[in-house]
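Residues per chain, in single letters:
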Amino acid sequence: MRRGAPARLAAFVGRTLRDEWNGIVVDPLRQLRRRGPGALLLAFVACAGVIFFHAIAQHPAGATAVRILGGVQGDLPLWLALLRTPVSLYVPALDLPVWAGITQLFLAFALAELALGRRRTLLIAYASTLAGTLTVRVMLATGPGLWGLGLPPEVGQVLDTGPSAAVVGLFTYLSVVRRAPIVFMLTGGSMVLESIAKPNLAGREHLIAVVAAVVMGLLHERARRKRQVTAVPEGRGAALA
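The rules behind each value
- Residues numbered from 1 in each chain as written.
- Predicted model: local features only at pLDDT ≥ 70, side-chain atom pairs only at ≥ 80, totals over all residues.
- Heavy atoms only, no water.
- 1 Å grid on protein atoms, 1.4 Å probe; cavity = no way out; pocket = protein on both sides within 12 Å on 5 of 7 lines; lining within 4 Å.
- Points joined across faces, edges and corners; volume = space filled by probe spheres on them.
- Helix = DSSP H or I, 4+ residues; strand = E, 2+ residues; numbered from the N terminus.
- Nonpolar A, V, L, I, M, F, W, Y, C, P; charged D, E, K, R; others polar.
- Core = buried A, V, L, I, M, F, W, Y, C linked by side-chain atoms within 4.5 Å.
- Buried < 20%, exposed > 50% of the residue type's maximum accessible area, 1.4 Å probe, protein only.
- Contact = heavy atoms within 4.5 Å.
- Expected span 1.5 Å × (residues − 1).
- Arc of directions from axis to C-beta.
- Patch = residues over 30% accessible without salt bridge, like charges linked within 9 Å, V, L, I, M, F, W, Y side chains within 5 Å.
- Areas by Shrake-Rupley, 256 points an atom, 1.4 Å probe, with all protein chains shown as cover.
- Salt bridge = Lys/Arg side-chain N within 4 Å of Asp/Glu carboxyl O.

> Explain empty space enclosed by the protein to me, and be specific about the residues and the numbers.
Applying the stated criterion to the full structure yields one cavity of 30 Å³ or more. Of the volumes computed, that of the largest cavity is approximately 60 Å³. Lining of the largest cavity is provided by V72, Q73, G74, T133, V136, R137, V158, L159, D160, L201 and E205. Contributing elements (two or more residues each) for the lining of the largest cavity: helix 6 (118-142) and helix 9 (201-240). The dominant element in the lining of the largest cavity, judged by the number of residues it contributes, is helix 6, at three residues. Of the residues that constitute the lining of the largest cavity, the class distribution is five nonpolar, three polar and three charged.

Encoded structure:
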């Protein structure tokens, strides 16, 4: 007896959730058991950096120091923005609850570090943040108009998103390379809703981080498939020899 459409849909959703749970949670936890707490170095460093900068920013002199070290704005000279961008990964938005952000930051870096490795996690986090920083400069240079893509000059004085763009980029990249459509919809979909509900600079940078992470994930998958195709003929040739 054939199952109805609701039953097939429920079975598909169940399989998808199971596969995503195994790929994004279970497999990293296995890596954690095998490699130990040292495998979470990036996650601990990221959280410690955010806590440190948040603590010293509570005082006027400390807030000034944090802004000089890691405050990235669109009207900064490009060389100075690039110099500050790595530090900006640890500078939280002072108008948002830091502890809720730290939880997301730890999960993003921990899961990515266990699933992708330390080097690739750093690359994706930095590239996602840098993509937003550079694209905003293009939007400012364009100016208001152009179907709403350009930005007025006063936006150049607004601080960028800090570590949140890296968090969005890591979750999005993981959802692409681990084939997790539900995680992708939760991440990318929430960013679209955020940009609609609150069309500010942070919303745009988050959307840019999603796009950048998707592109990097697709490029990685394309390279991986090419390596597999190349390895198959070589394996057959060795077997025939």
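> Residue-level account of the nonpolar core, with values.
The biggest cluster of nonpolar side chains holds 30 residues, and the ones touching the most others in it are L105, F109, L116, L170, Y173 and L174. Taken together, the elements giving at least two residues each to this core come down to helix 2 (41-56), helix 5 (98-116), helix 6, helix 7 (164-177) and helix 9. The greatest single-element share of this core, amounting to 10 residues, is contributed by helix 5. Those residues in contact with F109 that lie beyond four places of it in its chain are L42, A43, A46, T121, A125 and L170. A131, M139, L140 and V155 belong to the second largest nonpolar core, which has nine residues in total.

> Which residues make up helix 8 (residues 181-197), and what are the values?
The end-to-end C-alpha separation of helix 8 is 23 Å, in line with the 24 Å expected for 17 residues at 1.5 Å each. The complete set of buried residues in helix 8 reads T187, G188, M191 and S195. Down the axis of helix 8, the smallest arc covering the buried residues is 80°, so these residues share one side. Facing away from the buried side of helix 8 by over 90 degrees, the exposed positions are M185, L186, L193, I196 and A197.

> Residues and numbers for a nonpolar patch on the surface, please.
On the surface, a cluster of nonpolar side chains totalling about 370 Å² of accessible area is made up of L9, F12, V13 and L17. Mapped onto the elements of the fold, L9 is located in helix 1 (residues 5-35).

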